[in-house]
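# Coordinate inspection notes
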Amino acid sequence: VRLIWGESFSAAADLLPVLLVAVMINTLSVASVNSITTRSQRGMVISASSSLVGMIVGICVWLVLLPRIGTLGVAIGYLCGTAIIGGIPIAVAWRLDHHTWAGLAVKTAGGLILIVSMLWAERVAGLGYGLYPVFALAFLAAWLVVVRRDARWVVGMLLKRRIGG
């Protein structure tokens, strides 16, 4: 954050990772929300209810954390609320449609844990900007190992399209 926007925005460096995880959860849930809300009125009720419960959870987290950790508490409350709002429709669509998402869910959770661990290690060690590319490459290498089958398929499709086959 400091590198791009300068010192006046340095406080955002603690908020941005939390908010980005919330945005990721929101993005991951879009297809599931669409699936359950277009199938029946019950799906609409589930989606609206998960939004209401998520909002209440987020506000409760704000009330607890805001006096203790300030704006970071707001970001964490937003993340908790978003996890409820997105998680319930994902779970419902997963169950209703009998999806085989367990492996994908484990990979996604593992990738998220890896990113959070790397951010935590960087913060604790107080490393400078120079190592950010190293962290990014390390994550990319680890992620490609985890998704190597899918990566091979994508590369094959791209090569096939490029060659014209």
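### Some points on the pattern of salt bridges
- Taken as a whole, this structure holds two salt bridges when the rule is applied.
- As a salt-bridge pair, R39 and D97 come within 2.9 Å of each other at their nearest N and O atoms. A residue pair is termed long-range when its members are at least 10 positions apart, and R39 in helix α2 (residues 12-39) and D97 in the loop between α4 (71-96) and α5 (102-125) qualify at 58 residues.
- With relative accessibility at 29%, the residue D97 sits in the partly exposed group.

### Considerations on the environment of L112
- The topology assignment puts L112 in helix α5.
- Linking L112 and I163, residues 51 residues apart in sequence, is a C-alpha distance of 35 Å.

### Remarks on the packing of α2 against helix α3 (residues 41-69)
- It is at 5 Å that the axes of α2 and α3 come closest, and there the two elements cross at 135 degrees. It follows that α2 is oblique to α3 by the angle criterion. Contact residues: V33, I36 and T37 in α2; G43, M44, I46 and S47 in α3.
- Its residues assigned to classes, the contact of α2 with α3 shows four nonpolar, three polar and no charged.

### Quick word on a nonpolar patch on the surface
- On the surface, L19, L52, M55, I56, I59, W62, L63, L66, V74 and Y78 cluster together into a nonpolar patch covering about 870 Å² of accessible area.
- It is α3 that contributes the most residues to the nonpolar patch, seven residues altogether.
- Assignment of secondary structure puts V74 in helix α4.
- Take V74: its relative accessible area is 32%, and that puts it in the partly exposed class.

### Some remarks on α3
- An ideal rise of 1.5 Å per residue puts 42 Å on 29 residues; α3 measures up with 40 Å between its terminal C-alpha atoms.
- At L63, α3 shows its maximal kink, close to 30 degrees; a proline, P67, follows between one and four residues later.
- Of the positions making up α3, those classed as buried are G43, I46, S47, S50, G54, G58 and V61.
- Its side-chain oxygen placed 3.3 Å from the backbone nitrogen of R42, S40 serves as the N-cap of α3.
- G70 lies just past α3 and shows a positive phi near 65 degrees.

Procedures and definitions
Residues numbered from 1 in each chain as written. Predicted model: local features only at pLDDT ≥ 70, side-chain atom pairs only at ≥ 80, totals over all residues. Heavy atoms only, no water. Salt bridge = Lys/Arg side-chain N within 4 Å of Asp/Glu carboxyl O. Helix = DSSP H or I, 4+ residues; strand = E, 2+ residues; numbered from the N terminus. Buried < 20%, exposed > 50% of the residue type's maximum accessible area, 1.4 Å probe, protein only. Axes fitted to C-alpha atoms, helices over the stretch in contact; angles between N-to-C directions. Parallel < 35°, antiparallel > 145°, perpendicular 65-115°, else oblique. Contact = heavy atoms within 4.5 Å. Nonpolar A, V, L, I, M, F, W, Y, C, P; charged D, E, K, R; others polar. Patch = residues over 30% accessible without salt bridge, like charges linked within 9 Å, V, L, I, M, F, W, Y side chains within 5 Å. Areas by Shrake-Rupley, 256 points an atom, 1.4 Å probe, with all protein chains shown as cover. Expected span 1.5 Å × (residues − 1). Bend = angle between axes of the 7 residues up to and from the residue. Polar contact = N/O pair within 3.5 Å; in protein donor to acceptor, adjacent residues only side chain to side chain.

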